[in-house]
Amino acid sequence: MDMIHESDNAQELNVKFYPELFLQRRIWILDILRRENITRVLDVGCGEGQILGVLCQPAPWLTPPPSSILPPIKPSTSPDDIVPPSPIYNDDEVPTLHIREVHGLDISAEDLTFAVAAITPPQEEDEPAEGLGFRPFYRGVQRWEELLAKVWKGGLEVINEEFIDIECIVSTEVIEHLPEPIFSAFTPMLLGVYHPKFLLVTTPSYTFNARFTPPDAPRSARKGYPDPTGRTDRIFRHDDHKFEWTRDEFETWCNETAKEWGYDVEWSSIGRPLEYDPWGRDEELQGASFVATFRRRNDVDNEEREKKGRAKLGDLALNQEPHEALAIYNHVTSSVAKKPKPLSDIAALVKGKMEEFREAFMRVEEMWFEPSISRACGGWIELLVRAVEESSDLNMKRDVDGVVMKQSSMWSIELIGAVAFPTNPWTDTANTSVDYIPLDWTPGEGPHDSWDDSDAEGSTGIEGDVSAFTSDNDADEESDNETTTGIERSAWKELSDIQAKTRSQNNWASSGSDWAASDTSGWGEHDRDDTDIGWGNPAASSSSTAGWDGDESGDTTSY
């Protein structure tokens, strides 16, 4: 289909998003999965498996242990005890995802090759050697819970008995690509036959498209693609879109669908531009993608939903070629999962690590990502906290001047009686890691006079240069650790931050597109994210549609 280009006298407005719009959609999905404690997910139209890859990453720790493993502490009645007994770790923060089963479905064999790779278990790594005298920058995350992951090839119009009563179905930027017969099967299949507890849907907002041009711009000013069905004179974002709904149309579809299948629905939009609209249309046009959460009601029998769905699908008389399972993987747990050592042994290991690293303070999560520590705890981070609390050699610092910190991620472990960097860490092996910069070293003097501290300004820190130890949040850490030097504090904070990013719920920004071009029979041609730059420069997109949500056709794809 020919693309409609701008005229010589009219130009599209530059519209940018930060984070990229496809990432905002992913964040929206993961936030709901966390909030609702979802453990079983089907991604309909999974494409290359970017969401699958995120969901397959292991949780950093188990859910809290039972009282038989860790008996609760009775609150003290002493007025001297300012800090109460340790609560559940991370209880007041973003919940951790504990996915146990994940499925991906698509029709494109080419895309599914990447999806299979996304769910493939990583190769087991050897345990790091102890006593190396340096601190590895990354040590990975162990798996504490089993996961079943499957990738299927086939159309959504075909019933897959394994998907019945799945907990949550995700459909991101799919429905606008479906030909009419397949679209007619969408809700009878997903909300009828499968009847999940939740269905999460995203689709482009045609109402938002007005944001790309001034209010009085001619039609020729809008880049895009004419409606391929000929039903409207609208200009779409992608040449395979069969429709793009206005806000009223999307609301009508949501309400009618929810009523028909016994669901409650909440809908809104995401993706507000970085720039304010010069004509003040931001509130009117809202976000670039519509999002809807369908929640199953309990006043309708699931068997009735399924029976009704099967009947409607039978009337459509569509393709009945069964789904093909391209890959089935069982992600096995660590051999020590739920087999913790005694608290005294855990405390001894923690003390040994802090002495090995010459640290007076370490954040709890930084310590947790030392494999020997998390393995000793059997995957329960609460055991680490309790072991420190009960040790005479360690102190769990959860407060600042008697005020308990709400964020457990900021808790730190103190090695009682230790001093930060008590000895000169430089050894005969001449380890050149910047973790071992002597405290008395002055730039331009001594054995490192070849280093120019001016080089640090503007450096990315990727290769371990000095700028890797600077942080905008350093000032926030001072009250937690008054004895820690600026270099030491920012150093362990940088390491801890990187290690914490290995958590499953923080890896939604993994590389790759949300959708990729695929066979048009059954799915249509999925959107492709042409410039998947994660959290990069928000000005990277050269046009109003390229890259930020993949709605421009894939001529510039990097895949």
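Now for a look at the structure at hand. (Residues numbered from 1 in each chain as written. Predicted model: local features only at pLDDT ≥ 70, side-chain atom pairs only at ≥ 80, totals over all residues. Heavy atoms only, no water.)

1. Describing the overall build of the protein chain
Then, number 1: When you go through the protein chain residue by residue, the secondary structure sums to 13 helices and 15 strands.
Then, number 2: Within the span of the protein chain, comprising 559 residues, buried residues form 52% of the whole.
Then, number 3: When the accessible surface of the protein chain is split by element, carbon and sulfur atoms take 49% of a total near 25500 Å². (Helix = DSSP H or I, 4+ residues; strand = E, 2+ residues; numbered from the N terminus. Buried < 20%, exposed > 50% of the residue type's maximum accessible area, 1.4 Å probe, protein only. Areas by Shrake-Rupley, 256 points an atom, 1.4 Å probe, with all protein chains shown as cover.)

2. Things to note about helix 7 (residues 302-316)
Then, number 1: If you check helix 7, its first and last C-alpha atoms are 21 Å apart, about what 15 residues at 1.5 Å a residue would give, namely 21 Å.
Then, number 2: Of the positions making up helix 7, those classed as buried are Arg305, Glu306, Gly309 and Leu313. Along the axis of helix 7, the buried positions cluster into a sector of 95°, meaning they face one direction only. In helix 7, the exposed residues that point more than 90 degrees away from the buried face are Glu303, Lys307, Gly314 and Asp315.
Then, number 3: Looking at the buried residues of helix 7, the elements they touch are helix 4 (180-193), helix 5 (247-261), strand 8 (263-270) and strand 9 (289-296).
Then, number 4: Measuring from the side-chain oxygen of the N-cap residue of helix 7 to the backbone nitrogen of glutamate 303 gives 3.0 Å; that N-cap residue is aspartate 301. (Expected span 1.5 Å × (residues − 1). Arc of directions from axis to C-beta. Contact = heavy atoms within 4.5 Å. Polar contact = N/O pair within 3.5 Å; in protein donor to acceptor, adjacent residues only side chain to side chain.)

3. Section: the packing of helix 8 (residues 343-357) against helix 11 (residues 381-390)
Then, number 1: At a minimum axis distance of 8 Å, the contact between helix 8 and helix 11 shows a crossing angle of 85°. The orientation of helix 8 with respect to helix 11, classified from their angle, is roughly perpendicular. Where helix 8 abuts helix 11, its residues Leu343, Ile346, Ala347 and Val350 lie against Leu383, Leu384, Arg386, Ala387 and Glu390.
Then, number 2: Per-class residue counts for the contact of helix 8 with helix 11 are seven nonpolar, no polar and two charged. (Axes fitted to C-alpha atoms, helices over the stretch in contact; angles between N-to-C directions. Parallel < 35°, antiparallel > 145°, perpendicular 65-115°, else oblique. Nonpolar A, V, L, I, M, F, W, Y, C, P; charged D, E, K, R; others polar.)

4. Thoughts on the packing of helix 4 against helix 5
Then, number 1: Running from amino to carboxyl end, helix 4 crosses helix 5 at an angle of 45°, the nearest separation of the two axes being 10 Å. Put simply, helix 4 runs oblique to helix 5. Handedness of the helix 4/helix 5 crossing: right-handed. Contacts between helix 4 and helix 5 involve Phe183, Phe186, Thr187, Pro188, Leu191 and Gly192 from the former and Trp253, Thr257 and Trp261 from the latter.
Then, number 2: Along the lines of polarity and charge, the residues of the contact of helix 4 with helix 5 split into six nonpolar, three polar and no charged. (Left-handed = near helix turned anticlockwise from the far one by under 90°.)

5. Here's the deal with the sheet that holds strand 11 (residues 361-363)
Then, number 1: One open sheet accounts for three strands, arranged 11-15-12; its pairing is antiparallel. Strands with a single pairing partner mark the edges of an open sheet, and in this sheet they are strand 11 and strand 12 (394-397). Ignoring which end each strand starts from, the neighbouring axes of this sheet average 25° apart.
Then, number 2: As paired elements, strand 12 and strand 15 (residues 412-415) share four bridges and run antiparallel to each other. When the bridges of strand 15 are listed, methionine 396 appears paired with isoleucine 413.
Then, number 3: Helix 8 contacts strand 11, strand 12 and strand 15 of the sheet and is inclined by roughly 75° relative to strand 15.
Then, number 4: Sitting on the sheet, helix 11 is in contact with strand 12 and strand 15, with an inclination near 125° to strand 12. (Pairing = 2+ DSSP bridges.)

6. Overview of unusual backbone geometry
Then, number 1: For the peptide bond that leads from tyrosine 18 to proline 19, omega is 0°, which places it in the cis range.
Then, number 2: Relative to the helices and strands, proline 19 resides in the segment before helix 1 (21-35).
Then, number 3: Positive phi, close to 65°, is recorded for aspartate 165, a residue that is not glycine.
Then, number 4: Relative to the helices and strands, aspartate 165 resides in the loop between strand 3 (147-153) and strand 4 (168-172).
Then, number 5: Here aspartate 165 falls in the partly exposed class, since its relative accessible area comes to 38%.
Then, number 6: Phi at alanine 317 is positive, roughly 50°, even though this residue is not glycine.
Then, number 7: Following the sequence through the fold, alanine 317 ends up in the loop between helix 7 and strand 10 (324-331).
Then, number 8: By relative accessible area, alanine 317 is classed as exposed at 64%.

7. Quick word on the environment of isoleucine 164
Then, number 1: If you trace the backbone, isoleucine 164 turns up in the loop between strand 3 and strand 4.
Then, number 2: Each C-alpha atom of the pair isoleucine 164 and histidine 195 lies 6.8 Å from the other, and the pair is 31 residues apart in sequence.
Then, number 3: Those residues within four positions of isoleucine 164 in sequence are excluded, and the remaining contacts are Val193, Tyr194, His195, Glu306 and Arg310.

8. Observations concerning the pattern of salt bridges
Then, number 1: In total, this model carries 26 salt bridges according to the counting rule given.
Then, number 2: Measuring nitrogen to oxygen at the nearest pair gives 3.0 Å for the salt bridge that ties arginine 295 to glutamate 36. Separated by 259 residues along the polypeptide, arginine 295 in strand 9 and glutamate 36 in the loop between helix 1 and strand 1 (40-44) bring together distant segments of the chain.
Then, number 3: Its relative accessible area of 34% is what places arginine 295 among the partly exposed residues.
Then, number 4: Between aspartate 277 and arginine 281 there is a salt bridge; the shortest N-O distance is 2.7 Å.
Then, number 5: Where salt bridges share partners, they join Arg211, Asp277, Arg281 and Asp282 into one cluster. (Salt bridge = Lys/Arg side-chain N within 4 Å of Asp/Glu carboxyl O.)

9. Some remarks on the side chain of threonine 257
Then, number 1: Within the secondary structure, threonine 257 is located in helix 5.
Then, number 2: Within polar-contact distance, the side chain of threonine 257 engages the backbone oxygen of tryptophan 253 at 2.7 Å.

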